Amino acid sequence: MEASWRERALNTEEALKNTNAEVVNQRERIAELLGQIAALQGEWTDADVVRVTTANVALQREVRALTAERERLTKRLAAARDNARFADKRIAALEAQIAEQLTSPSS
């Protein structure tokens with residue numbers, strides 16, 4: 001029974017040692033990642049952030065304007081197509097009327 005306790009104690013010490021090593025590894029990784037974050041943040045000045053944000057807002061505004069223009073032009077195209085179809089029908093009707101007058105005997 002004493003050997004069993006001894007094995008458990010040794011196993012626990014080994015697990016504790018492994019856990020402590022993992023904690024050290026994780027802390028080193030965290031420190032490395034924090035350093036990368038700090039380096040990335042250091043590359044962006046407040047003026048850069050303002051410039052990029054302003055450019056983004058301007059681009060979003062331009063996208064909305066272009067979308068509205070596309071919708072306006074799409075409606076104009078649909079109206080022009082309707083007008084062209086109406087004109088084609090009117091021309092066909094007039095051609096038919098002229099052809100009928102030319103082929104019918106004069107009274």
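Scroll up to find the structure.
In this report, we go over the structure that sits alongside the text.

## Topic: the overall build of the protein
Here comes step 1: Counting its regular elements, the protein contains 2 helices and 0 strands.
Here comes step 2: On C-alpha atoms alone, the protein measures out to a radius of gyration of 41 Å, which is more than a quarter above the 13 Å that the 2.2 N^0.38 rule sets for 107 residues.
Here comes step 3: If you line up the protein on its principal axes, its C-alpha atoms span 135 × 50 × 10 Å.
Here comes step 4: Looking at the 107 residues of the protein, the share that counts as buried comes to 0%.
Here comes step 5: Summed over its atoms, the accessible surface of the protein is roughly 10,000 Å², and 59% of this surface lies on carbon and sulfur atoms.

## Remarks on the pattern of salt bridges
Here comes step 1: Counted by the stated rule, this structure contains 5 salt bridges.
Here comes step 2: Measuring nitrogen to oxygen at the nearest pair gives 2.7 Å for the salt bridge that ties Glu 32 to Arg 29. With Glu 32 and Arg 29 both in helix H1 (residues 2–43) and 3 residues apart, this pair spans about one turn of that helix.
Here comes step 3: Taking the relative accessible area as the measure of exposure, Glu 32 reaches 43% and is therefore partly exposed.
Here comes step 4: A relative accessible area of 39% means that Arg 29 is categorised as partly exposed.
Here comes step 5: The shortest N-O distance in the salt bridge between Asp 48 and Arg 51 comes to 3.5 Å. Note that Asp 48 and Arg 51 are positioned in helix H2 (residues 46–103) at a spacing of 3 residues, about one turn of the helix.

## Quick notes on a nonpolar patch on the surface
Here comes step 1: Taken together, the side chains of Ile 30, Leu 34 and Ile 37 present a nonpolar region at the surface, about 280 Å² in accessible area.
Here comes step 2: As for its position among the elements, Ile 37 is in helix H1.

## Looking at the environment of Asn 18
Here comes step 1: Topologically, Asn 18 is positioned in helix H1.
Here comes step 2: Note: C-alpha distance between Asn 18 and Gln 101 (83 residues apart in sequence) is 106 Å.

What counts and how
- Residues numbered from 1 in each chain as written.
- Predicted model: local features only at pLDDT ≥ 70, side-chain atom pairs only at ≥ 80, totals over all residues.
- Heavy atoms only, no water.
- Helix = DSSP H or I, 4+ residues; strand = E, 2+ residues; numbered from the N terminus.
- Rg over C-alpha atoms; globule rule 2.2 N^0.38 Å.
- Buried < 20%, exposed > 50% of the residue type's maximum accessible area, 1.4 Å probe, protein only.
- Areas by Shrake-Rupley, 256 points an atom, 1.4 Å probe, with all protein chains shown as cover.
- Salt bridge = Lys/Arg side-chain N within 4 Å of Asp/Glu carboxyl O.
- Patch = residues over 30% accessible without salt bridge, like charges linked within 9 Å, V, L, I, M, F, W, Y side chains within 5 Å.

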